[in-house]
Amino acid sequence: MHHWFILGLAISTLAATEQRNVILIMTDDQGYGDLSCFGSKAIKTPHLDQLASEGRKFTSFMVASPVCTPSRAALMTGCYPKRVGLHKGVLFPKSETGLNPTEWTIADHFKSHRYATACFGKWHLGHHPQVLPTSNGFDHYYGIPYSNDMNHPDNSGKPKMGAEGMDTLWIDPESTLTKWQTPLLQDTTIIELPVDQRTITRRCTDHAITFIKNHRHSPFFLYLPYSMPHIPLYLPDELHHPNPKKAYPLVIQHIDEQIGRITQTLKDENLTQKTILIFTSDNGPWLIYKHHGGSAGHLRQGKSTNFEGGQRVPCIMWAPGLIPPNTTCPDLIAAFDLLPSLATLTKTPLQLPAPIDGTDQSPAILGTAPSSRRNFIYYNAWAGIASGIRLDNWKFLQVQPRKNKNAKTATYLFNLATDPSESNNLASQQPERVAKLRSLMEKADSEITRNSRPVWRMPKP
C-alpha cells in the first residue's frame with residue numbers, strides 16, 4: 001500500500017510539472033469577421049467554432065502591424081517591430097534584410113527548454129539562408145519564404161493583380177504553375193519552383209501531423225503560419241468551384257478542415273490535455289481585393305491601415321484542463337504578449353538576453369484576472385512611423401496620407417468601449433486628451449527608437 005502511495009504521488013507530481021506542447025496557427029490576411037464564431041454569416045468554420053466553445057475567444061487581440069513582415073517579427077520576438085528593425089513594410093524577394101538571428105525568438109525559447117520546434121508555412125522574415133526559420137530556433141522548416149503573390153528571384157513577371165486579375169487566376173487553377181514563381185523550401189533549400197499552391201495548405205498540415213506524431217512523447221512547439229487566405233487564392237482541385245465569388249469562403253473552410261485534422265490528431269494521440277493551441281491571423285483583410293479579400297466584421301477598414309480592422313484579429317486559445325471553456329476575454333492583449341505568457345503557461349522560465357515589449361498575460365488567458373496591458377502603439381504599415389496609441393479604451397490616431405503629399409494629416413480620437421467601429425471621432429471635442437495621448441505615444445516611441453537593435457543585413461560581397 002505504502003509503495004503504491006509513493007508511486008501515485010510521483011505520477012501526480014509529474015502531471016503537475018508536465019510541460020505542455022504549443023501549437024501556434026496563424027492565417028494570412030484573415031479578417032476579424034471571417035469566422036462564424038466571430039460573427040460571419042457567409043463562412044462556416046465548424047472546427048474553429050468547436051475550439052472556441054471548448055476554449056477562450058479574445059475580442060481585443062491586436063497584432064503589432066497591419067502588414068505581414070512586421071506583424072510576424074513581433075509575434076516571434078515579443079517586441080514591437082521597430083525594436084528589432086523590421087518595421088518598414090514587408091520584405092520582398094530582392095530584400096537584403098531579415099530577422100536578426102541574435103534575437104531571442106519564441107522558438108529559441110522553447111528549444112532552450114528542450115522542446116522540438118518546427119515551422120510549416122509562410123515565414124516572411126527574410127528568405128536568405130542566414131535568417132530562415134532554421135537560423136531562428138526551428139529544427140525544421142517547410143514552406144514558402146515570403147507571400148504567395150511574390151516571385152523568385154526578383155518578383156518580376158507577375159500576372160495582372162486586382163480583383164479582376166484574381167478572378168482570372170481562380171478560374172484557371174493551373175495558373176499556380178504557369179503564372180507564378182513562388183518557391184517552396186525545405187529547411188534552406190528550394191524543393192519546388194513554382195510551389196503548387198492548390199495543395200500547400202494541406203501539405204503544411206500533413207507535415208504538422210507527422211511532426212505531432214513523431215514527438216508525442218516529448219514536448220514540442222509547432223508554428224503553422226498558413227499562406228492562405230492571402231491572394232492569390234487556390235484550393236485542391238476536388239474542392240474548387242468555378243465561381244470566383246466563392247473562392248474566399250471555400251479557402252477559409254478548407255483551412256478550418258485542416259485545423260480539424262490537427263485537433264483530431266491531438267485526440268488520437270492523447271495529447272489534448274498536454275497541448276495549448278492558439279489560432280489567430282497576421283493582420284486584417286485585404287479589402288481592395290473585394291470578394292478575394294475577407295471581412296473585418298463591424299470593425300473599420302482592413303489591412304495596411306491602423307484602424308481596428310487592420311490590426312484587431314480573431315484569436316482563439318484552447319487548452320483543455322487549463323484554459324476555461326466557452327469563455328470570452330474582451331481585454332486588450334497583443335500578439336507580442338504571447339512569448340512571455342506561453343513561458344508561464346508551459347512552466348518554461350523566460351531567460352531574455354535583451355528587453356522585450358510583451359508582458360505576461362497568462363492571468364487574462366486563464367480567466368483569473370484582467371489583462372494588465374493598458375496601452376498599445378500603432379505603427380503605420382509602410383514606414384513604421386508611430387501613428388497612434390491606445391490607452392485603456394481611448395485610441396488616438398493620426399493618419400498620414402501616403403500618396404497625396406499635400407493632403408493634411410487626419411487626427412482621430414475614439415472611445416473603443418462604446419465605439420469599436422470607430423465611427424465617432426471625438427478629437428475636436430477633447431483636445432487635452434488628444435495632446436496627452438500624442439505625448440505618451442511620442443515618449444514610448446522614442447524609447448523604442450533609442451533602444452532599437454540592428455536588423456540582419458546581407459553581408460557585402
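Look up: the structure comes first, before these words.
Computed from a predicted structure; not experimentally measured.

K.L.:
Tell me about unusual backbone geometry, residues and numbers included.
P.N.:
Here the bond from Met228 into Pro229 is cis, since omega is 5°, no more than 30 degrees from zero. Relative to the assigned elements, Pro229 resides in the loop between β8 (220-225) and α8 (247-268). Note the cis peptide between Ile231 and Pro232, where omega equals 0°. Of note in the backbone geometry, Ser304 takes a positive phi value of approximately 80° without being a glycine. Within the secondary structure, Ser304 is located in the loop between β9 (275-281) and α9 (308-311). Classification of Ser304 by relative accessible area gives partly exposed; the value is 31%. Notably, Asn326 is not glycine yet its phi reads approximately 50°, a positive angle. Residue Asn326 is classed as exposed on the basis of its relative accessible area, which comes to 61%.

K.L.:
An account of the pairing of strand β12 (residues 375-379) is needed here, citing residue identities and associated values.
P.N.:
The element β12 is largely enclosed, with a buried count of four among its five residues. In this structure, the hairpin formed by β12 and strand β13 (residues 386-391) is closed by a connection of six residues, where Gly384 is found at a positive phi of approximately 65°.

K.L.:
Residues and numbers for the sheet that holds strand β7 (residues 189-192), please.
P.N.:
Overall, mixed pairing links the ten strands, which are arranged β7-β6-β5-β4-β8-β1-β9-β10-β2-β11 in an open sheet. Here the strands that pair on one side only, and so sit at the sheet edges, are β7 and β11 (327-334). Recorded for the sheet is a direction-independent mean angle of 20° between the axes of neighbouring strands. One ladder, built from three bridges, connects strand β2 (residues 56-62) with strand β10 (residues 315-318); its direction is antiparallel. Note that in β10 the partner of Phe58 across the bridge is Cys315. Where helix α2 (residues 46-54) meets the sheet, its contacts fall on β2, β9 and β10, and the angle it forms with β10 comes to roughly 60°. Sheet strands in contact with helix α7 (residues 200-214) are β1 (21-27), β4 (116-120), β5 (140-143), β6 (184-186), β7 and β8, and its direction is about 175° off that of β8.

K.L.:
Before we move on, could you go through the packing of α7 against α8 and cite the residues and values that matter?
P.N.:
The geometry of α7 relative to α8 is characterised by a closest axis approach of 10 Å and an angle of 10° between their N-to-C directions. Viewed along their axes, α7 and α8 adopt a mutual orientation that is roughly parallel. Where α7 abuts α8, its residues Thr201, Arg202, Thr205, Asp206, Ala208, Ile209, Ile212 and Lys213 lie against His254, Ile255, Gln258, Arg261, Ile262, Thr265 and Leu266. By residue class, the composition of the contact of α7 with α8 is six nonpolar, five polar and four charged.

K.L.:
Outline the pairing of β5, listing residues and values.
P.N.:
Here three bridges tie β4 to β5, and the two strands are oriented parallel to one another. Across the sheet, Cys119 pairs through a bridge with Tyr141, a residue of β5. Two strands pair when backbone bridges link them, and β5 and β6 are joined in this way by two bridges, in the antiparallel orientation. Of the residues in β6, the one forming a bridge with Gly143 is Leu185.

K.L.:
Got a sec to walk through the layout of surface pockets? Specific residues and values, please.
P.N.:
Here the largest pocket defines a volume of roughly 840 Å³. Forming the boundary of the largest pocket are 34 residues, of which Lys303, Ser304, Ala381, Trp382 and Arg402 lie nearest the centre. Residues of the lining of the largest pocket, tallied by class, amount to 16 nonpolar, 13 polar and five charged. Empty space within the second largest pocket amounts to approximately 250 Å³. Together, 16 residues line the second largest pocket, and Tyr80, Arg373, Asn375, Ile377 and Ala444 are the ones closest to its centre. Contributions of two or more residues to the lining of the second largest pocket are made by β12, β13 and α12 (431-450). The element best represented in the lining of the second largest pocket is α12, accounting for five residues. Class assignment of the residues belonging to the lining of the second largest pocket gives a composition of seven nonpolar, three polar and six charged.

K.L.:
Describe the sheet that holds strand β15 (residues 410-415), naming the residues involved and giving the relevant values.
P.N.:
Strand order across the open sheet formed by four strands is β12-β13-β14-β15, with antiparallel pairing between neighbours. This sheet does not close on itself; its edge strands, each paired only once, are β12 and β15. In this sheet, adjacent strand axes meet at a mean angle of 15° when their direction is disregarded. Bridge analysis of β12 against β13 gives five bridges, and the strand direction is antiparallel. Counted as the bridge partner of Asn375 is Leu391 from β13.

K.L.:
An account of the side chain of Asp196 is needed here, citing residue identities and associated values.
P.N.:
As for its position among the elements, Asp196 is in the loop between β7 and α7. The contact partners of Asp196, leaving out residues within four places of it in the chain, are Thr176, Leu177 and Arg203.

K.L.:
Could you give me a rundown of the pattern of salt bridges, with the residues and numbers involved?
P.N.:
As enumerated under the stated definition, the model contains 22 salt bridges in all. Measuring nitrogen to oxygen at the nearest pair gives 3.4 Å for the salt bridge that ties Lys160 to Glu164. Residue Lys160 is classed as exposed on the basis of its relative accessible area, which comes to 54%. Shared partners join several salt bridges into a network, and the residues in it are Asp28, Arg72, Lys122 and Asp282.

K.L.:
Lay out the nonpolar core with the relevant residues and their values.
P.N.:
In terms of nonpolar packing, the biggest core is built from 53 residues, with Ile23, Phe120 and Ile316 touching the most fellow members. Counting residues per element, this core draws most heavily on α8, at eight residues.

Cut-offs applied
Residues numbered from 1 in each chain as written. Predicted model: local features only at pLDDT ≥ 70, side-chain atom pairs only at ≥ 80, totals over all residues. Heavy atoms only, no water. Helix = DSSP H or I, 4+ residues; strand = E, 2+ residues; numbered from the N terminus. Buried < 20%, exposed > 50% of the residue type's maximum accessible area, 1.4 Å probe, protein only. Pairing = 2+ DSSP bridges. Axes fitted to C-alpha atoms, helices over the stretch in contact; angles between N-to-C directions. Contact = heavy atoms within 4.5 Å. Parallel < 35°, antiparallel > 145°, perpendicular 65-115°, else oblique. Nonpolar A, V, L, I, M, F, W, Y, C, P; charged D, E, K, R; others polar. 1 Å grid on protein atoms, 1.4 Å probe; cavity = no way out; pocket = protein on both sides within 12 Å on 5 of 7 lines; lining within 4 Å. Points joined across faces, edges and corners; volume = space filled by probe spheres on them. Salt bridge = Lys/Arg side-chain N within 4 Å of Asp/Glu carboxyl O. Core = buried A, V, L, I, M, F, W, Y, C linked by side-chain atoms within 4.5 Å.

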